[in-house]
Each structure stands twice: as C-alpha cells, then as structure tokens.
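Letter by letter, the chains look like this.
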Amino acid sequence: MAFTPPSPSSPPTTHNKFRRRTRICILSLLFLSVFAPILLLYESKGFIEDLSSFKGRRDLLKLNLVKQEEDEGFREPILNVYKDVNVDPLVSFGSQDVDNKSDEPIIGKNTDFIEQNEGDSDVKGNNGQSQEEKMLLSPGRKGEIGRATLEHDQGRRAMDKKIKEMKDQLIRAKAYLTFAIPANNAHLIKELRLRIKELERAMGDVTKDSDLSKRAVQRMRAMEVSLQKAGRIYPDCCGMVKKLRAMTNNAEEMVRVQKEQETFLIQLAGRTTPKGLHCLSMRLTAEYFALKPEERELPSNPDVLVHDSTDLYHFAVFSDNVLASAVVVASTISTAKEPGKIVFHVVTDSLNFAAFSMWFLFLHPPGKATVQIHNMDNFDWLSTKYNPPNTQGHESQDPRYTCALNHLRFYLPHIFPTLNKILLLDHDVVVQKDLTSLWRVNMMGKVNGAVNTCQGHDPAFRRMDLLINFSDPIVATTFTNQPCTWGFGVNLFDMREWRKRNLTTLYNKYLQLGKKRPIWKAGSLPLGWLTFYNQTMDLERKWHVHGLGYHSGIKQEDIEQAAIIHYDGVMKPWLDIGIEKYKIYWRKHVKYDHPYLQQCNIA
C-alpha cells in the first residue's frame, strides 16, 4: 500500500512544535545579546564609570540617596591654604612639575634682599614681613617677582571656584590616605588613589574654570562622592584638623626655604659682574695699552675744570661699569637742548680707568659735549687730609656698600674745588628729558636737592630709624625720626653752601663714629641722611622716578613723564634678573652693533 503524505492543512506534530520553540528562544537570546549593551549605553548617557567604581557601587548609590545632614558626618576645618598666592604655586600635589617664571619672577620681586635704594641702603635680614610680600599685597603689584606659576589678571584677584575646589579635594583625599585604615576598608584606599590620579590628569595645568573640560567636572563629582564616603567611615574631625594643619605648616616651611634660596641667588647675581661686562672692560683695556704712549694723551679742556661758567652744566658720575656709564652719558646728551654746554665728570678707579678712557675719548667721543675721566687713585689729598672712605670691618661685605666710589660723593667740593653747582647721577639711571632747567631751581640756602620718599604708599618709603640707630645717645640728641627721607641717584648740590657748612668734615665724623659703635648700617645712604640733615630741599617728583630695579608695578605714564628713571635695587637692566618690561628704556641707548659688544655677547 502506498504512503500518502499529510496535507498542508493537517495539524503540526509535537516534534515540529519543539523545534519551532527552540528557534524562537535562540533568536530571542541573540536579540538580547546584541541590543542589551546598546540600551545600557543609551541609559548611561555615554558616561562609563571605571571598574573600581562598580565594586563599591552599592555603597556609593546609598550615599547618593542619603542627604548629608548638617549636624552629622565629617566636618571640614576652614582652610586658608590656597588663599595665599605665595603658597599655592609652590606646593604641587599633582604629578606635574611647577614651572618657574622669570620676569618677571616672582618674581619678586622686592623682598628683604631687594633694597629700594640704588645700592646704598643695607640689606635686611629675613625678620618681619619681607618687601616682596608687601609688593605682592599692594594693589599695583602683578606678581612679577618670585616663583609663582599662576598668571594673574588685574581683574581677577582670586582663583576660580572650581579649580580651588578641585585642589581642596586633592588635599582632603591625601589627608585621608595618611590615616590608619582598617583592613576591611582597603577598597576605599584604592578608590581614593584612583580618584586622585584621575582628578590630577583631568585638571592638568588649567588655571581657569572656563578651560576645564566636561570630563574634569565629572571627575570632581566622583571625587566628592568618594570623600563623602571616607568622611562617614573616618569621622575623626580632630585628626583631620591636625593633619591639614601639619600640611599647611609644611607648605609654609617650603615657601620660607625657597624664599631664602631666592634671596641668596638674587643677591649673588646682583653682586657678580656679568661675563659680558667683564669681557668688554678687558677688551677696552687691552686696546688702550696697545696704543703708543703718545697716543694715550687724553684730549681735555682745562678751562672746563678751572672756570665755573653759568653757561655750562656740570654732571658727575662715580662708576666702575663702563657700559652703564655710557648709557647715562648718551641719554643725557641726546636729550639736552644744548649739548655743547654739557660737561660730564666720570670718576672711576685705576682698574677701569683705561677702559673708560678708551670708550669715551677714543671710540665714542661725546660730540659737542665734554667728558672728563678722573682716576680716584690720583686724589692725593684724600689720604693725607681724610681717612680713606671705606667701611672695612663693618657688618656688610657687599661691595656695592663698601666700595670707595660710593663714598666719594661726599668729597665733591674737594674733587671739583672751583665748581659752584653740580648734578650727581648714579650709573643706573636713564635721562629722558632736558635737565638744564634744574640749574635754575632756587635751592633756598639748602645744600642737597633730591626727590623725597615721604609718601606712605611709595614703595621706597622708609623711616630714618630703619638704617640709623636712634637708641644711641648721640643720635637721639642730635636727630629726630620725623624728617622726610630721600635717596641718592639724582642729587643737585650747591657746592658753595656745602663748603660754607663744612659738611665733608661732618661726614667723616659720622663715618669714623660708625666704625666704633653701631649708629648706622652699612652703606652711604644713612650717612647721607646724617650729613645732609635739615640741608635737603625737595625737588618735584617729575625729576626722578625710582624703583625700576625692584618694583614691577610702576605706572607706565609715570615712567614716560619722568625726566630721569632710576633702576635702583639689585635688578639692574644689564643683568639677566632685571625686570624685562623696563629694559627697553635702557637698551635704546646701548650700541649693540658695536664690534666689542657683539664679540662679548652683550645683547
């Protein structure tokens, strides 16, 4: 009998039903395996947490659901670590190195070691608030000096809120890591370490909230969750306070040590002669002695020294720096309305006499003006009539203070016995306007004409008792601490009144007395205050703007309107540590195209 297949309309067998259900199950599993991850990614909105966060996810979710009561849990102590702009840049809790900026600074800019005078005031120690701290806190200070890595805008005095909060989180997380951790909370240690690493990488070198990425904000939120968890596990507020206080003290100690190192290095740089200047002096000296003896005869105009004509304007510069003196002479002559009436008397020592003579009288004659080079070792009257002006045995070893050239200014009437009025300029000044009208100033019977520093907001403001010992009976009975102070650098002297009052003898009296008892600190400035006490007339401030060698906050309009700008302080414009934005006024009077300057790499 033949087999007849079932018709299509016949009901399916049990075997066929089982195969169909199997296929449906397999297809369903395949569907889930493909589309389930996509759905998870969509629900999480693209944010994939680290594997370590899944381990404690249950606890973290509980913490997210629990509102932090105000009277429970961990309370943070009030911290001021990052409110001090001097501390924050120096303490890096991340893996990034701190970049050092020179300017400006830091720095600094300024500080106890940066004296505000031209180099005549004594170097302070590290007692009390440093000058750098005063400048950083002053409204005009932009934070040029020092070692700070924050770039401050004038309109933004504090760090951005989120950046500050992130750094605060790093401090708290590292403080928690130092606590004794029970064995059953080892996962929290790993979590905190991971959060620290993530947050440091996300922050990088960013200093503004606007530069933060979305990822950094997410890392900050994750860190806050971990810190909340750690605060519940370790609610020892006293322990946290002690740890944070220790961290603060450690940061302050680091700042103190670095300031002391900066003090030493800047003082060393200020005292050391740059290689280029030494090279220039040696080249000029060699060229001078290469001349034949008859060629070394210096051109001179004896009538200039013998007669003090009202038609001539006499300037004096005491220096051992040929390049700096060249800038003073060049800037004065270039701004003079009548350069033919300018007479410069440059006084130097025997070591630099040949270099000065070669530069001013052979290589760069002053044109219509007159330059006289004087060798201080030829002043025979100095050793016979007076004790040599040195401060050997005094507490200061800085050559800027003990150099005899600094003290020779008190012998001007003897160096130039026929002159009646002379303008003394330091070698770290630049003349920007004609100075001849100073000779028409009425001195009102005073000997010294100088710009005072009486204003309290003036960064050069100092009381006399800063450099003079008023506890000494002689000082206390002769002087008061009330008169305005002033600085050397731009001084108009009436030589007739000077001779009449015999002030050079008075200077020697205080000089010798100071060697026997501490009535003044090293330098010629305190001796000037004593010698010209009640003998100084105030000049208008437009004649002399000082501070370009230590203060970076001087207004540009004040500099441009001044007749003379003064680079007093250790940051001289010919040094690498000089304030860069002020060097332009000095550099435009330097002959950089001269072969000697190029050969000595002076640029």
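Residues numbered from 1 in each chain as written. Predicted model: local features only at pLDDT ≥ 70, side-chain atom pairs only at ≥ 80, totals over all residues. Heavy atoms only, no water.

**Digging into the overall build of the chain**
- A count of helical and extended segments in the chain gives 23 helices and 9 strands.
- A total of 603 residues make up the chain; the buried ones form 47% of that total. (Helix = DSSP H or I, 4+ residues; strand = E, 2+ residues; numbered from the N terminus. Buried < 20%, exposed > 50% of the residue type's maximum accessible area, 1.4 Å probe, protein only.)

**Here's the deal with the packing of aromatic side chains**
- Following the criterion strictly, the structure yields 19 aromatic pairs and no others.
- Ring centres of Phe315 and Phe344 lie 5.0 Å apart, and the angle between their planes is 20°; this geometry places the pair in the stacked category. Within this pair, whereas Phe315 is found in strand β1 (residues 313-318), its partner Phe344 is found in strand β2 (residues 342-348), the two being separated by 29 residues in sequence. Comparing Phe315 with Phe344 shows no difference in burial state: the two are buried. (Phe/Tyr/Trp six-rings, centres within 6.5 Å; stacked < 30°, edge-to-face > 60°.)

**Points about the packing of helix α19 (residues 503-516) against helix α20 (residues 524-531)**
- In the contact formed by α19 and α20, the axes pass within 9 Å of each other and the chain directions differ by 125°. The angle between α19 and α20 places the two elements in the oblique class. You can see that α19 and α20 cross each other, and the crossing is right-handed. Across the interface between the two elements, Leu503, Leu506, Tyr507, Tyr510 and Leu511 of α19 pack against Leu527, Leu530 and Thr531 of α20.
- Across the contact of α19 with α20, the residue classes tally to 7 nonpolar, 1 polar and no charged. (Axes fitted to C-alpha atoms, helices over the stretch in contact; angles between N-to-C directions. Parallel < 35°, antiparallel > 145°, perpendicular 65-115°, else oblique. Left-handed = near helix turned anticlockwise from the far one by under 90°. Contact = heavy atoms within 4.5 Å. Nonpolar A, V, L, I, M, F, W, Y, C, P; charged D, E, K, R; others polar.)

**Some words on the sheet that holds β2**
- Taken together, 7 strands build an open sheet; the order of strands is β3-β2-β1-β4-β7-β6-β8 and the sheet is mixed. Of all strands in the sheet, those bounded by a partner on one side alone are β3 (370-375) and β8 (536-538). Recorded for the sheet is a direction-independent mean angle of 25° between the axes of neighbouring strands.
- In terms of strand pairing, strand β4 (residues 421-425) meets strand β7 (residues 490-494) through 5 bridges, oriented antiparallel. (Pairing = 2+ DSSP bridges.)

**What about the nonpolar core?**
- Leu280, Phe315, Phe344, Phe360, Leu423, Leu425 and Leu435 are the most contacted members of the largest nonpolar core, which has 68 residues in total.
- With 43 residues, the next largest nonpolar core counts Ala316, Leu408, Leu419 and Ile519 among its residues. (Core = buried A, V, L, I, M, F, W, Y, C linked by side-chain atoms within 4.5 Å.)

**As for the pairing of β2**
- Counting buried residues in β2 gives 7 out of 7 residues, a clear majority hidden from the surface.
- Relative to β2, β1 runs parallel, the two sharing 6 bridges. Residue pairing across strands places Phe315 opposite Phe344, the latter belonging to β2.
- This β-α-β element, β1 to helix α11 (residues 322-335) to β2, shows right-handed connectivity.
- Direction of pairing for β2 relative to β3: parallel, over a ladder of 6 bridges. By the bridge assignment, Val346 is partnered in β3 with Ile373.
- Each parallel crossover has a hand, and for β2 linked through helix α12 (residues 350-363) to β3 it is right-handed. (Right-handed = clockwise from strand over helix to strand, strands pointing away.)

**Some thoughts on the packing of helix α6 (residues 186-203) against helix α7 (residues 214-233)**
- Packing of α6 against α7 leaves a shortest axis separation of 9 Å and a crossing angle of 155°. When the axes of α6 and α7 are compared, the pair comes out roughly antiparallel. For the pair α6 and α7, the sense of crossing is left-handed. Here His187, Leu188, Glu191, Leu192, Arg195, Ile196, Glu198, Leu199 and Ala202 of α6 lie close against α7, whose contacting residues are Arg215, Ala216, Arg219, Met220, Ala222, Met223, Ser226, Leu227, Lys229, Ala230 and Ile233.
- Taken together, the residues of the contact of α6 with α7 break down into 12 nonpolar, 2 polar and 6 charged.

**Digging into the pattern of salt bridges**
- Inspection of the entire model under this criterion finds 18 salt bridges.
- Two residues, Arg501 and Glu497, come together in a salt bridge whose shortest N-O distance is 2.2 Å. With Arg501 and Glu497 both in helix α18 (residues 495-501) and 4 residues apart, the pair spans about one turn of that helix.
- When salt bridges with common partners are traced through the structure, they connect Asp168, Arg172 and Glu224 into a single cluster. (Salt bridge = Lys/Arg side-chain N within 4 Å of Asp/Glu carboxyl O.)

**A short note on the pairing of β7**
- Counting buried positions over the 5 residues of β7 gives 5, a clear majority of the element.
- Here β7 shows two buried faces, one formed by Val490, Leu492 and Asp494 and the other by Asn491 and Phe493.
- The pairing of strand β6 (residues 448-450) with β7 spans 2 bridges and is classified as antiparallel. Across the sheet, the residue bridging to Gly449 is Leu492, located in β7.

**Things to note about helix α9 (residues 275-290)**
- When the terminal C-alpha atoms of α9 are compared, their 22 Å separation across 16 residues agrees well with the 22 Å that a helix rising 1.5 Å per residue should span.
- The complete set of buried residues in α9 reads Gly276, Leu277, Leu280, Ser281, Leu284, Thr285 and Tyr288.
- Tucked inside the fold, the buried residues of α9 contact α11, α12 and α23 (595-599). (Expected span 1.5 Å × (residues − 1).)

**Quick look at the environment of Lys197**
- Along the chain, the position of Lys197 falls in helix α6.
- Between the C-alpha atom of Lys197 and that of Leu170, which follows or precedes it by 27 residues, the distance is 9.5 Å.

**Considering the state of the cysteines**
- Overall, the coordinates contain 1 disulfide when judged by the stated rule.
- Across the disulfide, Cys279 is cross-linked to Cys600 (sulfur-sulfur distance 2.1 Å). Disulfide Cys279 to Cys600: torsion about the S-S bond roughly -70°, handedness left-handed. Here the residue Cys279 occupies a position in helix α9, and Cys600 occupies one in the segment after α23, the gap between them amounting to 321 residues. (Disulfide = S-S within 2.5 Å.)

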